[in-house]
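Here's the letter readout for the chains.
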Amino acid sequence: MVRTLQWRRTCGTLLLVLAVAAAYYATGRLGLLRQVSVGGAVVTPLWPPTGIALAALLKFGPRVWPAFAIGTYLAIEQLAAFQPADLGIVAGNVLAPLCAFLLLRAAGFRPELDRLRDGLALVFLGGLLPMLISATAGSWTLVLTGNLSSGGFWPTWAAWWAGDTMGVLLVTPVLLALHWAPLPRDPLRVAEAAALTVATIVATVAVTHSTMSLLFVVFPLLIWAAVRFQLAGAAPCALLVSVLAIWAATDHAGPFTGQSLLETMVNLQALNGAAALTGLLLAALVAEQNNVRLKIEEACEELAEVVAHLSPGRGDEDPAGHP
């Protein structure tokens, strides 16, 4: 019986690792559809697998880490033949999300993202800080193997770090929302959510293909999503804005027309980062305030019950109801 249970657990873990690896590889393929060349190296403005990796760790724990190695190996094979030196890239892509997971766990992170401190933790401890590992390991591996000149190290490093960080800030919240955030069920709320989605797509396509600088128009929609739907609305809207903006930027359309690669990457990542931070932090703040309000209402109800039991006249009656 014990061996049977252990065998089932082993098989379950193996299947889980393969499923996460498949998701990692599939989203990596999607990310590579809009790749750019920086300093001779191939990078992406948004690397979704880092978001997949961190969400998997938060859900299933460290046992899924081999999936990141498998997914990275397969992604490298899509670009060029895998070399032993590429193990540095694999190591960085495994260690970065593991470090993010450990930092978030040490900080008491709650995946519901219903506190402002959780939003800040995801930004700094889940994204900005640990993704330095993958960017540094990957860029140095390319330099040491001769695939990247020393002069191209910093541009590649910055683009790598920004792409991995955006993966955490844009993809991880969507996956957390699918599992932990309550979705609207009331017909009017569903209709509002549909209207918000359509408005976000239409507005983002319009401003990213306009010759005028109107990218700021998307922020009222992100505020609408965060205030009305919290994480369940803000996370998908921020991801939509980012994907559509990346599509326009890599096509050099709209406000990205005529810009150099550096200017395009800076403007694009500024928009992506601002959209992610606006939606994520505002949604966490609104959720925290709603929780505080609910706790106050519960406390008031309990106090009202206590006062009702202690009201004058109740203590003067005997159990039979006679004065």
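Within an unreviewed UniProt entry, the label attached to the protein reads Membrane protein, and the organism entered is Streptomyces katrae. One UniProt comment on the protein, placed under Subcellular location (unreviewed entry), says "Cell membrane".

Participant: How should the overall build of the protein be read in this particular structure?
Facilitator: Regarding its fold elements, the protein presents 11 helices and 2 strands. Starting at the N terminus and ending at the C terminus, the protein contains elements arranged as α-β-β-α-α-α-α-α-α-α-α-α-α. Once the C-alpha set of the protein is aligned to its principal axes, its extents read approximately 95 × 65 × 30 Å. Out of the 323 residues in the protein, the part that is buried amounts to 44%. For the protein, the proportion of contacts with a sequence separation of at least 24, taken over those separated by at least 6, is 75%. As displayed, the protein has an accessible area near 16500 Å², and 69% of this comes from carbon and sulfur atoms. A distance of 11 Å separates the average location of the 17 positive side-chain charges in the protein from that of its 19 negative side-chain charges.

Participant: Whenever I open this one, the UniProt feature "transmembrane region" (unreviewed entry) in the protein confuses me. Can you help?
Facilitator: Residues given the UniProt feature "transmembrane region" (unreviewed entry) here are residues 38-57, 64-81, 87-107, 119-140, 160-181, 193-223, 229-249 and 270-287. Taken as a whole, residues 193-223 contains 71% helix and 0% strand, while its terminal C-alpha atoms sit 13 Å from one another.

Participant: Explain a negative patch on the surface to me, please; I cannot follow it from the model alone.
Facilitator: A cluster of acidic residues, Glu298, Glu301, Glu302 and Glu305, forms a negative patch at the surface. Residue classification places Glu305 among the exposed residues on the basis of a relative accessible area of 52%.

Participant: Is there a simple way to explain the packing of helix H2 (residues 48-60) against helix H4 (residues 87-106) in this structure?
Facilitator: Packed helices, taken two at a time, are described by their axes: the angle between them and the distance between them. Where H2 meets H4, the closest approach of the two axes is 9 Å, and the angle between their N-to-C directions is 45°. Viewed along their axes, H2 and H4 adopt a mutual orientation that is oblique. The element H2 and its partner H4 pack so that their crossing is right-handed. Two secondary-structure elements touch here, H2 through Ala53, Leu54, Leu57 and Leu58 and H4 through Pro97, Leu98, Ala100, Phe101 and Leu104. For the contact of H2 with H4, the per-class residue count stands at 9 nonpolar, no polar and no charged.

Participant: Got a minute to help me understand the packing of aromatic side chains in this structure?
Facilitator: In this description, a pair of aromatic rings is defined by centroid distance and the angle of the planes. Applying the stated rule across the entire model yields 6 aromatic pairs. Their ring planes at 10° and their centres at 6.0 Å tell us that Trp157 and Trp161 sit as a pair that is stacked. Of this pair, Trp157 and Trp161 both sit in helix H7 (residues 153-180), 4 residues apart, which is roughly one turn of the helix. A network of ring pairs unites the aromatic residues Trp140, Phe153, Trp154, Trp157 and Trp161 as a single cluster.

The rules behind these values
- Residues numbered from 1 in each chain as written.
- Predicted model: local features only at pLDDT ≥ 70, side-chain atom pairs only at ≥ 80, totals over all residues.
- Heavy atoms only, no water.
- UniProt positions renumbered as here; feature names shortened; annotations may be inferred.
- Helix = DSSP H or I, 4+ residues; strand = E, 2+ residues; numbered from the N terminus.
- Buried < 20%, exposed > 50% of the residue type's maximum accessible area, 1.4 Å probe, protein only.
- Contact = heavy atoms within 4.5 Å.
- Areas by Shrake-Rupley, 256 points an atom, 1.4 Å probe, with all protein chains shown as cover.
- Lys, Arg positive; Asp, Glu negative; His and termini not counted.
- Charge placed at Lys NZ, Arg CZ, Asp CG, Glu CD.
- Patch = residues over 30% accessible without salt bridge, like charges linked within 9 Å, V, L, I, M, F, W, Y side chains within 5 Å.
- Salt bridge = Lys/Arg side-chain N within 4 Å of Asp/Glu carboxyl O.
- Axes fitted to C-alpha atoms, helices over the stretch in contact; angles between N-to-C directions.
- Parallel < 35°, antiparallel > 145°, perpendicular 65-115°, else oblique.
- Left-handed = near helix turned anticlockwise from the far one by under 90°.
- Nonpolar A, V, L, I, M, F, W, Y, C, P; charged D, E, K, R; others polar.
- Phe/Tyr/Trp six-rings, centres within 6.5 Å; stacked < 30°, edge-to-face > 60°.

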